[in-house]
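# A structural walkthrough
In case you want the letters, here they are:
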Amino acid sequence: MVSSSAHIGLIGMDRWLGGAIYTQNLVRALRQLPAEESPRITLFCRRSAENFSEIAPLVDNIVVFQSLLDKLFADTRFASKAERVDYTASSFLFRDSAPSLGRAAKKQQVDVTFPVQDPYTRLTPNPVAWIPDLQHCTLPEHFTPLQRKVRDNRFSLLLTDPKRHVVFSSRYALDHATRVYGTPKAQTHVLHFTTVPLPDWFNDPAPVVARYGLDSPFFIVCNQFWAHKDHITLFKAIAKLKKQGLRVNLVCTGPTNDPRHPEYFPNLRAQLKALDIEAQVRILGTIPRADQVALIRASQAVCQPSLFEGWSTVIEDARALGKPVIASNFPVHLEQDAPGSRYFRMSDPDDCAESIAGFSQGAAPPVQDNSRHDARILEFARDFLEIVNLSCHTRSTSKQSPAYTVAGAHQRESA
């Protein structure tokens, strides 16, 4: 049993939907633990806590922190730019990129702060870092030279500090970082994220399907429309199957704007028309989380064609709901190994079409037995607490040798 004596400061990640979902699921997982294991949690939110109202009853305290520039430029078009200026100035002047967070965390007397994503944390109590992935190395075309340089500098500084604890979302990400930056001097950990389903996720999904006027049966893809999510491979596969006489309906959820490639979504729309499958593909955009979950449950299978993931949230959602997955053979998808999965070669519409056809033409796949999922949730929570305890131990003792831990293993090995 892992000790629950630590007071954990969780930083609410709300800059992107995946980050907010990660925070929510980590809190819910920790609260699944028996009372004697459940830790004290303070949630720190920058500017606002509105994105975490659902988990507010599960944490002991919520602290909203703001820098001076946050206060001056909040709710203006300069807010994002002011935040970047604040980050740069604070890192240089205080060696802490978020001194307002550090001061708030110290005031709350937290034992550990997670997740931090840069090395400038002089004022932050016991910061545990998080590197979800190294997308900028694999897909550099989606980043500016400055963005790549900043990430490389940030990650290399984190990994070369022997006093640091750094969490990765997958074993693949840790191996990737080792190839890029060399053997870490920091103590590294692999923490596999797990979705914690809510009771109402298992309500009858039929009313939601009817409300959106969807044609059944259908497959679903729940990704933001960013270039690396590779919707086009899925669309071409559906077009190929149409030519073979097999009609496949697809529902797409997720934000439709790629700020890095604003032309991407309009081009996808044009491709749908050119492929003559507009009537088969319904793009719903961003919808309520409860509706998305209902549509996943109503679908034949979840499709995940992405070319890169840190740890795919939608695959974990599918696992929690007992739904099969059709995914590209990106290494992280293989590492997730969701029950009932079929894999196709990345960016290969023909292979993707074959995988879809297997579901469409064969017998309906059985509902997966997700009775093991409750145990996975507890493993997620306990593995996180083990990292917390190791980081607290490191802080209170002399220098230790680098090590990594892998979720579910509860063991330490030399790096």
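Before going into details, it helps to say that this report is about the structure given with it. Since this is a predicted model, take the numbers as computed values, not measurements.

## A look at the overall build of the chain
Looking only at helices and strands, one finds 15 helices and 15 strands in the chain. Overall, the chain is about 65 × 45 × 40 Å in size when its C-alpha atoms are taken along their principal axes. Per-residue burial for the chain yields a buried fraction of 54% across its 415 residues. Within the chain, residue pairs in contact and separated by at least 24 positions form 68% of the contacts whose partners lie at least 6 positions apart.

## Things to note about the packing of aromatic side chains
The relative placement of two aromatic rings is captured by the distance of their centres and the angle of their planes. Scanning the entire structure with this criterion turns up 7 aromatic pairs. With centroids separated by 5.4 Å and ring planes inclined at 75 degrees, the aromatic side chains of Tyr172 and Phe330 adopt a geometry described as edge-to-face. Remark: Phe330 occurs in the loop between strand E12 (325-328) and helix H13 (331-336) and Tyr172 occurs in helix H7 (residues 171-181); sequence separation between them is 158 residues. Each member of the pair, Tyr172 together with Phe330, is buried. Through pairs of rings, three or more aromatic residues link up here, namely Tyr22, Trp130, Phe193 and Phe380. Over the aromatic face of Phe143 sits the side chain of Arg260, whose NZ or CZ is 5.0 Å from the ring centroid. Sitting over the face of the ring of Phe359, Arg342 holds its NZ or CZ atom 4.6 Å from the ring centroid.

## With respect to the pattern of salt bridges
Any two side chains of opposite charge can pair, on the condition that their charged atoms come close. One pass over the full model with this rule turns up 15 salt bridges. For the salt bridge of Asp348 with Arg345, the shortest nitrogen-to-oxygen distance reads 3.0 Å. Here Asp348 falls in the buried class, since its relative accessible area comes to 17%. Measuring nitrogen to oxygen at the nearest pair gives 3.0 Å for the salt bridge that ties Glu379 to Arg372. Here Arg372 falls in the partly exposed class, since its relative accessible area comes to 45%.

## Points about helix H10 (residues 264-274)
Within H10 the residues assigned to the buried category are Tyr264, Phe265, Leu268 and Leu272. Angular distribution of buried residues about the axis of H10 spans 90 degrees; they occupy a single face of the element. Turned more than 90 degrees off the buried face of H10, the exposed positions are Lys273 and Ala274. Buried residues belonging to H10 abut helix H9 (231-243) and strand E10 (281-285). In the stretch just after H10, Asp276 is the one whose phi turns positive, near 60 degrees.

## Remarks on the side chain of Thr42
Inspection of the secondary structure puts Thr42 in strand E2 (residues 40-46). When its relative accessible area of 0% is taken as the criterion, Thr42 is described as buried. Ignoring sequence-local partners within four residues, the contact set of Thr42 consists of His7, Ile8, Gly9, Leu10, Asn61, Val63, Gln108 and Val110.

## Things to note about the pairing of strand E4 (residues 112-116)
Most of E4 sits out of view: 5 of its 5 residues are buried. Taken together, the 3 bridges between strand E1 (residues 7-11) and E4 define a ladder with parallel strand orientation. Paired with Gly9 across the two strands is Thr113, which belongs to E4.

## As for the packing of helix H11 (residues 289-298) against helix H12 (residues 313-321)
Across the interface, H11 lies against H12 with an axial gap of 10 Å and an inter-helix angle of 65 degrees. Where H11 crosses over H12, the two elements pack in a sense that is right-handed. Contacts between H11 and H12 involve Arg289, Gln292, Val293, Ile296 and Arg297 on the former and, on the latter, Val314, Asp317 and Leu321. Residue composition of the contact of H11 with H12, by class: 4 nonpolar, 1 polar and 3 charged.

## Concerning helix H1 (residues 17-30)
In this model, H1 (14 residues) spans 20 Å end to end at C-alpha, consistent with the 20 Å of a helix rising 1.5 Å per residue. Burial analysis of H1 places 12 of its 14 residues in the buried class, which makes it a mostly covered element. Buried within H1 are the following residues: Gly19, Ala20, Ile21, Tyr22, Thr23, Gln24, Asn25, Leu26, Val27, Arg28, Ala29 and Leu30.

## Things to note about the side chain of Thr194
Position of Thr194 relative to the elements: it lies in the loop between strand E7 (187-190) and helix H8 (206-211). Among all residues touching Thr194, those that are not within four sequence positions of it are Asn25, Glu316, His373, Arg376, Ile377 and Phe380.

## Description of the packing of H9 against H10
In helix packing, the relevant descriptors are the interaxial angle and the interaxial distance, both defined with respect to the helix axes. Following both chains from N to C, one finds H9 and H10 inclined at 5 degrees, their axes separated by 11 Å at the closest point. When the interaxial angle is binned, H9 and H10 end up roughly parallel. Along its contact with H9, which presents His231, Ile232 and Phe235, the element H10 presents Tyr264, Leu268, Gln271 and Leu272. Taken together, the residues that form the contact of H9 with H10 break down as 5 nonpolar, 2 polar and no charged.

## Brief notes about the pairing of strand E6 (residues 165-168)
Covered by surrounding structure in E6 are His165 and Val167 together with Val166 and Phe168, the residues of both alternating faces. Two strands pair when backbone bridges link them, and strand E5 (residues 127-131) and E6 are joined in this way by 3 bridges, in the parallel orientation. Within the sheet, the bridge partner assigned to Ile131 lies in E6 and is Phe168. Bridge count for E6 against E7 is 4 bridges, and the pairing is parallel. By the bridge assignment for E7, His165 is matched with Gln187. A crossover connection joins E6 to the parallel E7 through H7; in handedness this β-α-β unit is right-handed.

What counts and how
- Residues numbered from 1 in each chain as written.
- Predicted model: local features only at pLDDT ≥ 70, side-chain atom pairs only at ≥ 80, totals over all residues.
- Heavy atoms only, no water.
- Helix = DSSP H or I, 4+ residues; strand = E, 2+ residues; numbered from the N terminus.
- Buried < 20%, exposed > 50% of the residue type's maximum accessible area, 1.4 Å probe, protein only.
- Contact = heavy atoms within 4.5 Å.
- Phe/Tyr/Trp six-rings, centres within 6.5 Å; stacked < 30°, edge-to-face > 60°.
- Lys NZ or Arg CZ within 6 Å of the ring centre and 35° of its normal.
- Salt bridge = Lys/Arg side-chain N within 4 Å of Asp/Glu carboxyl O.
- Arc of directions from axis to C-beta.
- Pairing = 2+ DSSP bridges.
- Axes fitted to C-alpha atoms, helices over the stretch in contact; angles between N-to-C directions.
- Left-handed = near helix turned anticlockwise from the far one by under 90°.
- Nonpolar A, V, L, I, M, F, W, Y, C, P; charged D, E, K, R; others polar.
- Expected span 1.5 Å × (residues − 1).
- Parallel < 35°, antiparallel > 145°, perpendicular 65-115°, else oblique.
- Right-handed = clockwise from strand over helix to strand, strands pointing away.

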